[in-house]
Amino acid sequence: MTFHIRPARQEDQETIVSFIRQAKINPRDLHWERFLVAEADGQIIGVRQVKVHAQGTREVASGFVLPEYRRRGVSAHLMKEILTRETGPLYTVIDEKRAPYYEQFGFQRVAVDLLPPDFHKEYRIGKTITSLISVFRKDKIRIIPMKKE
């Protein structure tokens, strides 16, 4: 399978929102300008963004690949492209089960008290929401913050 990574365009906004809803992840602040998309045969097959918080902290967020394209390197290519474009520290908040995936890209767990204030606020919001969601799930969600220098 051949695909390429490109910056999102305005006409991609609806697809981006649809993908994030399918992923059941944080639907806030979905601005197409912050996204990269993976495209195959003219179809978007994956997305990922770098969200910029109030004080400028940058977060790798909102990643999703269509199920039929998973395990083909799409997510990894999106991540690698983000990492080539970004300078400075990057943060992310993930389910602890996903930590090994992010560690392969140089992310490391970071103590909550070391998070920048704008990202700490996002982490607290995420922790509250996932704690509430976990009440109704067999497999509990335990989010952790990670950082890449």
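Reference entry: report on the structure contained in this document. This one's a predicted model, so the numbers in the text were calculated from it and none came from an experiment.

Definitions and cut-offs
- Residues numbered from 1 in each chain as written.
- Predicted model: local features only at pLDDT ≥ 70, side-chain atom pairs only at ≥ 80, totals over all residues.
- Heavy atoms only, no water.
- Salt bridge = Lys/Arg side-chain N within 4 Å of Asp/Glu carboxyl O.
- Helix = DSSP H or I, 4+ residues; strand = E, 2+ residues; numbered from the N terminus.
- Buried < 20%, exposed > 50% of the residue type's maximum accessible area, 1.4 Å probe, protein only.
- Contact = heavy atoms within 4.5 Å.
- Expected span 1.5 Å × (residues − 1).

### Focus on the pattern of salt bridges
Turning to step 1, where the next piece is worked out: According to the stated counting rule, one finds nine salt bridges in the structure shown.
Turning to step 2, where the next piece is worked out: Between Arg85 and Glu81 there is a salt bridge; the shortest N-O distance is 2.8 Å. Pair noted here: Arg85 and Glu81 are both in helix 2 (residues 74-85), with a separation of four residues, about one helical turn.
Turning to step 3, where the next piece is worked out: Relative accessible area serves as the criterion here: at 43%, Arg85 is assigned to the partly exposed category.
Turning to step 4, where the next piece is worked out: In this structure, the salt-bridge partner of Lys147 is Glu149, at a minimum N-O distance of 2.8 Å.
Turning to step 5, where the next piece is worked out: Using a relative accessible area of 22% as the deciding quantity, one classes Lys147 as partly exposed.
Turning to step 6, where the next piece is worked out: Taken together, the salt bridges that share partners define one network made up of Arg6, Asp12 and Glu39.

### Concerning the side chain of Glu122
Turning to step 1, where the next piece is worked out: With respect to the helices and strands, the residue Glu122 is situated in helix 4 (residues 117-134).
Turning to step 2, where the next piece is worked out: Not counting chain neighbours up to four residues away, the residues in contact with Glu122 comprise Asn26, Arg28 and His53.

### Quick look at helix 2
Turning to step 1, where the next piece is worked out: Look at helix 2: 17 Å from first C-alpha to last across twelve residues, which is about the 16 Å you get at 1.5 Å a residue.
Turning to step 2, where the next piece is worked out: Among the residues of helix 2, Val74, Ser75, Ala76, Leu78, Met79 and Ile82 are the ones counted as buried.
Turning to step 3, where the next piece is worked out: Contact partners of the buried residues in helix 2: strand 1 (4-7), strand 2 (35-40), strand 3 (43-52), strand 4 (58-65), strand 5 (90-95) and helix 3 (99-103).

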